[in-house]
Amino acid sequence: MNIDALVAIDVHTHAEVSCRHPHDPAWAPYEEAANRYFKAGKRPTIAETIAYYRERRIGLVMFTVDCEHEIGARRIPNEEVADAARDNSDIMMAFASIDPHKGKLGVREARDLIEAGVVKGFKFHPTLQGFFPNDRMAYPLYEVIAHHKLPAVFHSGHSGIGTGMPGGGGLKLKYSNPIHLDDVAADFPDMTIIIAHPSWPWQDEALSVCLHKPNVYIDLSGWSPKYFPVELVRYANGQLKHKMLFGSDFPLIAPDRWIKDFSDAGFKPDVHDLILKQNAIRALKLAA
């Protein structure tokens, strides 16, 4: 990324519409439920998302979510996101998503993507992928990520995906309690862990893990800042001001709305630039 030209870095954006493959109908009921929950509209393509961020001079980390095992919906290929990042490297980074249930084949894919030189991190969604982050099943995948000293984003807390569907779409919230990431952070100190979202209803667990483990950050995506828990804002203004990251969850939350609400949400002026940009530069090792 050309960090000097950027006003902010959004560490949490989604590739929602492929430019290469048709929409998978298996995902449609989950997308419709998410639209109702987030009051979201038509999803942009990867190219449209990049154009949106370029116009605003905001850097972005983009990923898909591999939920093929738990939901049976085909993911957008990691290679498509990587190709987009290669063509827009001044503002974009690609993270890959590989379901740990894929075992040795998933490890092989992770290694190939890293060695190809474009993928700079990984995204996990314990609820959509149906696993506890500290399940030893996932450790071979973490070993590859840690070996290359790359970051990994983990969804935490409530999930808008499945909300309102019968049985929550079969998805289990228990997997996304951030306390399970404490084991991962302890066992893989060379892997930067980003706990995604305000972790309601387990916000205190996320704050504790982030405070205790130097390799753990929190991204503030998925909620408007005006709804952030009081404790989250308090720690962001104090002990954890260097470990909070701007993330929107685009396209479900627009960065324009997030940044506007952020300015009025009780964050001290001296932490604004840290959260919007500087902390991401350190967490993603962009200065190097």
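Nothing here was measured: the structure is a model prediction, and the numbers come from that model.

**Observations regarding helix H1 (residues 28–38)**
Stage number 1. Three or more residues of H1 are buried, namely Tyr 30, Glu 31, Ala 33, Ala 34 and Phe 38. Down the axis of H1, the smallest arc covering the buried residues is 160 degrees, so these residues share one side.

**Quick word on the packing of aromatic side chains**
Each aromatic ring pair is summarised here by two numbers: the centre-to-centre distance and the angle between the ring planes.
Stage number 1. Taken as a whole and judged by the stated rule, the model has 19 aromatic pairs.
Stage number 2. The interplanar angle of 90 degrees and the centroid separation of 5.6 Å between the aromatic rings of Phe 124 and Tyr 142 together place this pair among those described as edge-to-face. Taken together, the residues Phe 124 in strand S4 (residues 119–124) and Tyr 142 in helix H6 (residues 139–147) connect sequence positions 18 residues apart. Across the pair, Tyr 142 and Phe 124 agree in class, each one buried.
Stage number 3. Centroid distance Tyr 142 to Phe 154: 5.9 Å. Interplanar angle 70 degrees. Geometry classified as edge-to-face. Of this pair, Tyr 142 sits in helix H6 while Phe 154 sits in strand S5 (residues 151–155); the two residues are twelve residues apart in sequence, bridging distant segments of the chain. Assigned by exposure class, Tyr 142 and Phe 154 land together as buried.
Stage number 4. Ring pairing ties together the aromatic residues Phe 124, Phe 131, Tyr 139, Tyr 142, Phe 154 and Phe 188, which thus form one cluster.
Stage number 5. Lying over the aromatic face of Tyr 217, Lys 243 brings its terminal NZ or CZ to 5.9 Å of the ring centre.

**Some words on the nonpolar core**
In summary, soluble globular proteins display a tendency toward joint burial of nonpolar side chains.
Stage number 1. Ranked by internal contacts, the top residues of the largest apolar core, which has 101 residues, are Phe 122, Tyr 142 and Ile 275.
Stage number 2. With sequence-adjacent residues up to four places away left out, Phe 122 is seen in contact with Phe 95, Ala 96, Ile 98, Ala 110, Ile 114, Ile 145, Leu 150, Pro 151, Ala 152 and Val 153.

**Re unusual backbone geometry**
Stage number 1. Note that the residue after Trp 200, namely Pro 201, is joined by a cis bond; omega there is 10 degrees.
Stage number 2. Its location among the elements puts Pro 201 in the loop between strand S6 (192–196) and helix H8 (203–212).
Stage number 3. Each neighbour pair has its own omega, and for Phe 250 with Pro 251 the value is 10 degrees, a cis peptide bond.
Stage number 4. Its place among the elements puts Pro 251 in the loop between strand S8 (244–245) and helix H10 (255–262).
Stage number 5. With phi around 80 degrees, His 197 is a residue other than glycine that occupies positive phi space.
Stage number 6. Structurally, His 197 is set in the loop between S6 and H8.

Conventions adopted
Residues numbered from 1 in each chain as written. Predicted model: local features only at pLDDT ≥ 70, side-chain atom pairs only at ≥ 80, totals over all residues. Heavy atoms only, no water. Buried < 20%, exposed > 50% of the residue type's maximum accessible area, 1.4 Å probe, protein only. Helix = DSSP H or I, 4+ residues; strand = E, 2+ residues; numbered from the N terminus. Arc of directions from axis to C-beta. Phe/Tyr/Trp six-rings, centres within 6.5 Å; stacked < 30°, edge-to-face > 60°. Lys NZ or Arg CZ within 6 Å of the ring centre and 35° of its normal. Core = buried A, V, L, I, M, F, W, Y, C linked by side-chain atoms within 4.5 Å. Contact = heavy atoms within 4.5 Å.

So, to be careful, I would describe these as geometric facts and stop short of saying anything about function.
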